Amino acid sequence: MNASTYMDNSPNLNLSPTYYWDYFQYVLRYVTNHYSQLLDEQEQTFIRDFETSSFSAQCLYLRLASRKTIWFQENSLQYPEISSLEEAKTELFHMNLLERISQTEGQSIYACLNNLNKAICFDLIQVSGEKSPIAKSVSKPALLQYIVENLSEQELLMRLEMLQIGLIRPLQTTYFHFIQFLFFGSRNHDLTDFVVRDLGHRQFIDIDEADLVPYFSTREEAIQKWRISIWREWFFEKSKEENAVDEVMASWQMNMWPLAPELLELCIGSFERTLFHVARWLERQGELEMALSLYEESLAGASLERRVRLLVKLKRIDEANMWARTGLELITNPKERHFFEDYLWKQASKKQVKQVTASLKEAEKLAISKDWKEQVEEGVVDYFRNQGYYAAFTENRVWKNMMGLWFWDLIFHQTKTGFHHPFQYAPSHYARENFALDLQDEFKNLLVLLEDVTSWLALLQQNAARNQGKMNPLVDWQNLDFDLIQRLVQVIPPAALTEVVTYMWQNLATHSKGFPDLFIQKGDEYAFVEVKSPNDHLSAIQFFWHDFFRKQNISIRLIRVEWI
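Residues numbered from 1 in each chain as written. Predicted model: local features only at pLDDT ≥ 70, side-chain atom pairs only at ≥ 80, totals over all residues. Heavy atoms only, no water.

Quick look at the overall build of the protein now. Check the secondary structure of the protein and you find 28 helices and eight strands. Counting the 564 residues in the protein, one finds 48% classified as buried. Residue pairs at least 24 apart in sequence account for 72% of intrachain contacts in the protein once pairs closer than 6 positions are excluded. Split by element, the accessible area of the protein, about 28600 Å² in all, is 46% carbon and sulfur. Between the averaged position of the 58 positive side-chain charges in the protein and that of its 76 negative side-chain charges there is a distance of 7 Å. (Helix = DSSP H or I, 4+ residues; strand = E, 2+ residues; numbered from the N terminus. Buried < 20%, exposed > 50% of the residue type's maximum accessible area, 1.4 Å probe, protein only. Contact = heavy atoms within 4.5 Å. Areas by Shrake-Rupley, 256 points an atom, 1.4 Å probe, with all protein chains shown as cover. Lys, Arg positive; Asp, Glu negative; His and termini not counted. Charge placed at Lys NZ, Arg CZ, Asp CG, Glu CD.)

As a further point, take the packing of aromatic side chains. What the rule picks out here adds up to 59 aromatic pairs. Seen from their ring centres, F178 and F181 are 6.0 Å apart, and the 25° between their planes marks the pair as stacked. Placement of both F178 and F181 in helix α9 (residues 173-184) is noted, with a separation of three residues, approximately one turn of the helix. Take F178 and F181: they sit in the same class, and that class is buried. Geometrically, the ring pair formed by F544 and W545 is edge-to-face, given 5.2 Å between the ring centres and 75° between the ring planes. (Phe/Tyr/Trp six-rings, centres within 6.5 Å; stacked < 30°, edge-to-face > 60°.)

Residue classification places F181 among the buried positions, given a relative accessible area of 1%. Linking F181 and L143, residues 38 residues apart in sequence, is a C-alpha distance of 37 Å. Among all residues touching F181, those that are not within four sequence positions of it are S186, R187, F216, A222, K225, W226 and S229.

Looking now at helix α2 (residues 19-34). Given a rise of 1.5 Å per residue, 16 residues ought to cover 22 Å, and the 23 Å separating the end C-alpha atoms of α2 matches this to within 8%. The set of residues buried in α2 consists of Y19, Y20, Y23, F24, Y26, V27, L28, Y30 and V31. (Expected span 1.5 Å × (residues − 1).)

Reading across from one edge, β4-β8-β7-β6-β5 is the order of the five strands in this open sheet, with mixed pairing throughout. The two strands at the open ends of the sheet, each matched to only one other strand, are β4 (364-368) and β5 (390-393). Looking at each pair of strands side by side, their axes are set apart by 35° on average, direction ignored. Across five bridges, the pairing between β4 and strand β8 (residues 556-563) is parallel. (Pairing = 2+ DSSP bridges. Axes fitted to C-alpha atoms, helices over the stretch in contact; angles between N-to-C directions.)

So far we have only geometry, and geometry alone does not tell us how the molecule works.
Structure representation (structure tokens):
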């Protein structure tokens, strides 16, 4: 839902009547203060024109430009904070920030059809005194197709005028969206984030505006990431169409591939992810060689893995082996390395059995009622509770909650260098390798607190009370269970717990998931339990943590359920 949808559909919110104007003023002030040297002449002119327009004109423009709708019916516009809608429209027309459909040159007239309801579209094809050319029951897509095929754009304009349907659209919206892009550093955020925060749906740590730092250092960085983001959005829409492969690849070659040789460091990740999305889509389209040609242009771990898998599928085993060895040499991410290690192990094994598969074959069997088929883990919890065990769901949540509260101050340590806008759930460099390295001493100091469990637990509870509800990349407030956390630290040897937590901290981006499903305890006996249904599989990251727990003498059980 975009910002204007909240504006239009939530009249009773406890917000200023012009809260969206206030939000954009905040964004605009930040951008002009920090990015004035990055803006080109047209962008600066847009800002000056907007700032010199009347308050009513600014409000109307923001109302329209914030919507994903292209064309708006003039007679349906009504905003209580705009005293004179006609004056505001006239001013925006004069400033070239608004246009009527009869004046448009840069937009297909047919595009307005998506913004008209079915009844109006049906009226557009009626001719006085003649029978309707198609039935009224026809679907809207079919109705629109009929209009496009049977009415020229000029005829469509004439019929809109006959029906007295005036359509307008905001202009220069690219500048409007680019300003927000500079503020957030991403196309995934907009003014909606302010609304969601102020409604109380999300809480963030408080960052002073003066402590926010620009995301982009140069205009080249901003333009490269903007171009990648815009193209990726186009691709996601185009990929939904049938027979789009040729058009997508032609656009990739024309718009994306020329960026590759000159990519700046800030933009490499966006480009690599986009390349991966396109190649995976090509695989699903059956274009394996084409997908492979894209993967061959990337040395990212995910692309290297797909390259190996595709080469195997194409029966080019020697090439697959070579690139698996290359992946093992180049990739440092433990989760991604595991694929290459496991693949090469499989190739070397005469039985060709995966490590994770071998582990699952050795799992203990547990027979429970087939009534639990839709709730397998709940069925295992029920079994152990009937056996007198304490049993609780843990998976990732208990470990992440414990980490998030324990190291809260470290996660948000860089409030003056790692925050670019007030809606980040963590500093921008959170989970990067140097994030953990830069805070090693502080991490070790907090780690020592585990020697006194009472003081350690008090710290967690204190951080929970102080920051209740605030966004944290690790904390799941709805599933925070201090009783469960306390049970864990009572039975896990401190040295073992320290090893798990240290590894998590050093590999937050990849290893804050994959933990066993359950925790069971009866007296001094305890175990973490991974539950698998008869047809379920063990993932590489799950296998990793099982192996890690065993090496630390943390009790781990892998259970394969059988139905009775």
